[in-house]
Every structure is written in structure tokens, then in C-alpha cells.
Amino acid sequence: MKDLIFQRHRRLRQSGSIRNMVRETQISAHDFIHPLFVVEGENIKNEIKSMPNVYQWSLDLLNDEIDEVVELGIQSVILFGVPKTKDEVGSSAYDDEGIVQKAIRQIKERHPELTVIADTCLCQFTDHGHCGIVKEGKVLNDPTLDLLAQTAVSQAKAGADIIAPSNMMDGFVAAIRHGLDQAGFEDVPIMSYAVKYASAFYGPFRDAAHSTPQFGDRKTYQMDPANRLEAIREAQSDIEEGADFLIVKPALSYLDIIREVKDLSGYPVVAYNVSGEYAMIKAASENGWVDEREIVLEKLMSMKRAGADIILTYHAKDAAKWLKG
Ligand code: PBG
């Protein structure tokens, strides 16, 4: 044994304080974006069956939730609207009196310092549940762009700090940037869902946002999970069109993509820890099969280690509490 030459990695693991000194990745409540589902109506706090402890909120009940988020040190929220009426062209998405626009105004009035991000998509607002205008069973690209730009401008007018387009039409960043600039919102950043895969991990979200496509699927606009080089092209074109942040979605099965997008772009990267990833951990922890606190913090850490600067996660409030305690 005496003549063996090897490295003693365990030297740096021998106590909690040494481990703290050499830890390469930190997470804090500042890293999180807290997702909120806002619904039209009154007195609604509706738990989503497939997402324990995640609710649809009507605006009259929203203030307590927002106060708690701020109290926990979380600095930003993203809004998903669940409107009362849907139509072919998603009119309630770009209505100045729409549910998202009202929520933005209410939140900004109560907490001006909280960064409010608006998800910009049509699928919750169209009766067919697709993210764009549909004709003869096809989701049309270019006619959808105008409506997205209108939606973004309406959200910015309501006071949104960041616009987050998620619908995966080609050119959506260019169209939205142009629309915002024309309307005098050149300082409103775009957090683009640049790399969004057609994923089975979105299932629970579609229950929460009532956005399941009524025919077909989203594979003609969201990406094939098999593709890595395409993710680079998607990120590249969004940067050229004027994106300020790049979202990679989902996160957990796509950590390689997060790393690649970060290294190649140097842009702020957001990991979207999606609904199905949340639901799986919730189900396993409710059964006592995994330790929820440990597994959530490990998972969020892994996203930052992979290169994410920011994490959009349904665990935000819990994680912020655990990191405090
Ligand atoms: C809307 C949108 C979706 C998600 C975020 N924005 C659903 C989809 O594309 O079907 C999914 C988020 C999640 O699963 O947590 N386009």
C-alpha cells in the first residue's frame, strides 16, 4: 500500500465548513421565478390535481400569495392566464382588460419592486388549444406573429417588466421586439422560450392552464427531444432577433442542452423546471419514497451547475423556505 500514488479528494470533504468553502455552485431565492396561474372569477383558489400545492388564483385572493412570495425573498413571478372565454384567434390574450393584464396591474401596484414576467402565448386563449392561428388543421406561422406582438404590447402597457414568448413560431422574437419598440417599450426585455421541446413533461401544466390542444399535438412547432444541434440554431436565431434571456425547457432531461446553450451564447439562461418534473417529485415524496427537501434542492442545484442562471420552478416557495431555514 505504501508505494501507491493517488489523490486524496476526501481531504476537501471532511467537514461541513470545508465543504462549504469549496462548493462551486450556490442557489438562493434570487435565482427563482415563481409561476402563477391567474383565473377569471371570484373566490377561486383551485388546487391543480396533478400539481399538489399549486393553485389557480382569482385576483381577489391573489394578494396574500404575492405577499408571501415577496416575504420569502423571491424577486420575480411569471403569469399564466386562464381566461373565461376562448375563441379561434385567442382575443382574450391581447385584450387590455384580459386576466393577465389585470393581474399585472394589481401585482405591480402592490409590489412595484417585484419583477413581473408575462408568458406570451395563445394556447390558453384559443378554443382549439393551439399556440397560433389554425387553418385547415395547420398552425399558421406568420399570421400568428401579429397577434403575439399585440399580446406583448398589451402586457407591457399593463406594466409587465419582461415578456416571455413561449409559442415557438419562427420569428416571434423579431415580431415582438419590433412591436414593443414601436409602442415605446424598447426597455422591456424578452425572455424567449428559445429552446422548447415537444415534451410529455408538460401534461400537468395543461390541466392547470386548460391549454390541451383539441386536435393533434405541438410537434410541428415545438422541438424534437432527439435534437441537440437544432437547439443551438434556435438559440442563435433568437439572439439575432433580439432576445435578452434564453429559456431551455424542460430542464431535468435537458441539462446537456442548458450547458451547451450557456457555453455557446454567454447569455443569461433560464432553466424551466416544468410541471411534469414537479409532479413526479411530489408523487414520490407523498409516498415517502424520496426525501422531498433533499431531492428538490439537489435538482435545482444541478440546473445551476449545468449553466442556468435562473430557474423557473413550481418548487420556488418551498425551496426559498428551506434555503432560509
Ligand atoms: C404555453 C406553455 C406551456 C408550458 C408553459 N407555457 C404548455 C405547452 O407548451 O404545452 C408548460 C409548462 C410546464 O409544463 O410547466 N405554450
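Residues numbered from 1 in each chain as written. Predicted model: local features only at pLDDT ≥ 70, side-chain atom pairs only at ≥ 80, totals over all residues.

Novice: Go over the overall build of the protein chain, please, and point to the residues and values.
Specialist: Along the backbone of the protein chain there are 11 helices and 12 strands. At 20 Å, the protein chain has a C-alpha radius of gyration in line with the 20 Å of a compact globule built from 325 residues. Overall size of the protein chain, expressed as C-alpha extent along the three principal axes, is 75 × 45 × 40 Å. With 325 residues in all, the protein chain has 45% of them scored as buried. (Helix = DSSP H or I, 4+ residues; strand = E, 2+ residues; numbered from the N terminus. Rg over C-alpha atoms; globule rule 2.2 N^0.38 Å. Buried ≥ 20, exposed ≤ 12 C-beta atoms within 10 Å, placed from the backbone.)

Novice: Can you break down the site of the ligand residue by residue, with the values?
Specialist: As a structural note, the neighbourhood of the ligand is formed by 13 residues, with Cys121, Tyr202, Phe205, Val274 and Ser275 the closest of them. Residues that form the shell around the ligand fall into these classes: 6 nonpolar, 4 polar and 3 charged. (Near = placed C-beta within 6 Å. Nonpolar A, V, L, I, M, F, W, Y, C, P; charged D, E, K, R; others polar.)

Novice: Residue-level account of helix H11 (residues 316-324), with values.
Specialist: Restricting attention to buried positions, one finds in H11 the residues Ala316, Lys317, Ala319 and Ala320. What you see down the axis of H11 is that its buried residues fit within an arc of 165°, all on one side. Check the buried side of H11 and you find it contacts strand E1 (32-39), helix H2 (59-71), helix H10 (292-305) and strand E12 (310-313). (Arc of directions from axis to C-beta. Contact = placed C-beta atoms within 7 Å.)

Novice: Got a sec to walk through the pairing of strand E9 (residues 191-196)? Specific residues and values, please.
Specialist: Most of E9 sits inside the fold, with 6 of its 6 residues counted as buried. Inspection of the sheet shows E9 paired to strand E10 (residues 245-249) by 4 bridges, in the parallel sense. In the strand pairing of E10, Ser192 is matched with Leu246. (Pairing = 2+ DSSP bridges.)

Novice: Tell me about the UniProt feature "active site" (unreviewed entry) in the protein chain, residues and numbers included.
Specialist: Within this numbering scheme, the UniProt entry marks Lys196 and Lys249 as carrying the feature "active site" (unreviewed entry). Spatially, the listed residues are clustered: although they cover 54 residues, their C-alpha atoms lie within 4.9 Å of one another. By the secondary structure assignment, Lys196 is in strand E9. The exposure class assigned to Lys196 is buried, which follows from the 24 C-beta atoms found within 10 Å. Contact partners of Lys196, with chain neighbours within four places excluded, come to Ser166, Met168, Gln222, Met223 and Lys249. Mapping Lys249 onto the fold places it in strand E10. (UniProt positions renumbered as here; feature names shortened; annotations may be inferred.)

Novice: How would you summarise unusual backbone geometry if you had to cite specific residues and measurements?
Specialist: A cis amide bond links Lys249 with the next residue in sequence, Pro250, at an omega value of -10°. As for its placement among the helices and strands, Pro250 is situated in the loop between E10 and helix H8 (255-265). In this structure, Asn53 is a non-glycine residue whose phi angle is positive, near 70°. Mapped onto the secondary structure, Asn53 falls in strand E3 (residues 51-58).

Novice: How would you summarise the packing of H2 against helix H3 (residues 99-110) if you had to cite specific residues and measurements?
Specialist: To characterise two packed helices, one gives the angle between the axes of the helices and the distance between these axes. Where H2 meets H3, the axes come as close as 11 Å, and the angle between the chain directions of the two elements is 40°. The angle between H2 and H3 places the two elements in the oblique class. Seen along the crossing, H2 lies across H3 with a hand that is right-handed. For the pair formed by H2 and H3, the contact residues are Leu59, Leu62, Asn63 and Ile66 on the first element and Lys102, Ala103, Gln106, Ile107 and Arg110 on the second. Here the residues of the contact of H2 with H3 sort into 5 nonpolar, 2 polar and 2 charged. (Axes fitted to C-alpha atoms, helices over the stretch in contact; angles between N-to-C directions. Parallel < 35°, antiparallel > 145°, perpendicular 65-115°, else oblique. Left-handed = near helix turned anticlockwise from the far one by under 90°.)

Novice: Mind laying out the nonpolar core, listing which residues take part and the relevant values?
Specialist: Counting 97 residues, the largest nonpolar core has Val38, Leu79, Leu246, Val248, Ile258 and Val270 as its most contacted members. Tallying contributions element by element places helix H4 (residues 142-158) first for this core, with 8 residues. The contact partners of Leu79, leaving out residues within four places of it in the chain, are Leu36, Val38, Val100, Ala103, Ile104, Val116, Ala118 and Asp119. (Core = buried A, V, L, I, M, F, W, Y, C linked by C-beta atoms within 7 Å.)

Novice: Tell me what's going on with the UniProt feature "binding site: 5-aminolevulinate 2" (unreviewed entry) in the protein chain, and back it up with residues and numbers.
Specialist: Residues given the UniProt feature "binding site: 5-aminolevulinate 2" (unreviewed entry) here are Ser275 and Tyr314. Across 40 residues, the annotated set stays spatially compact, with a maximum C-alpha separation of 7.3 Å. Relative to the helices and strands, Ser275 resides in helix H9 (residues 275-286). Dropping the residues within four chain positions of it, Ser275 is found in contact with Met51, Tyr202, Gly203, Pro204, Phe205, Ala208 and Tyr314. Inspection of the secondary structure puts Tyr314 in the loop between E12 and H11. Not counting residues within four places of it along the chain, the set of residues in contact with Tyr314 comprises Pro35, Met51, Val54, Ser275 and Tyr278.

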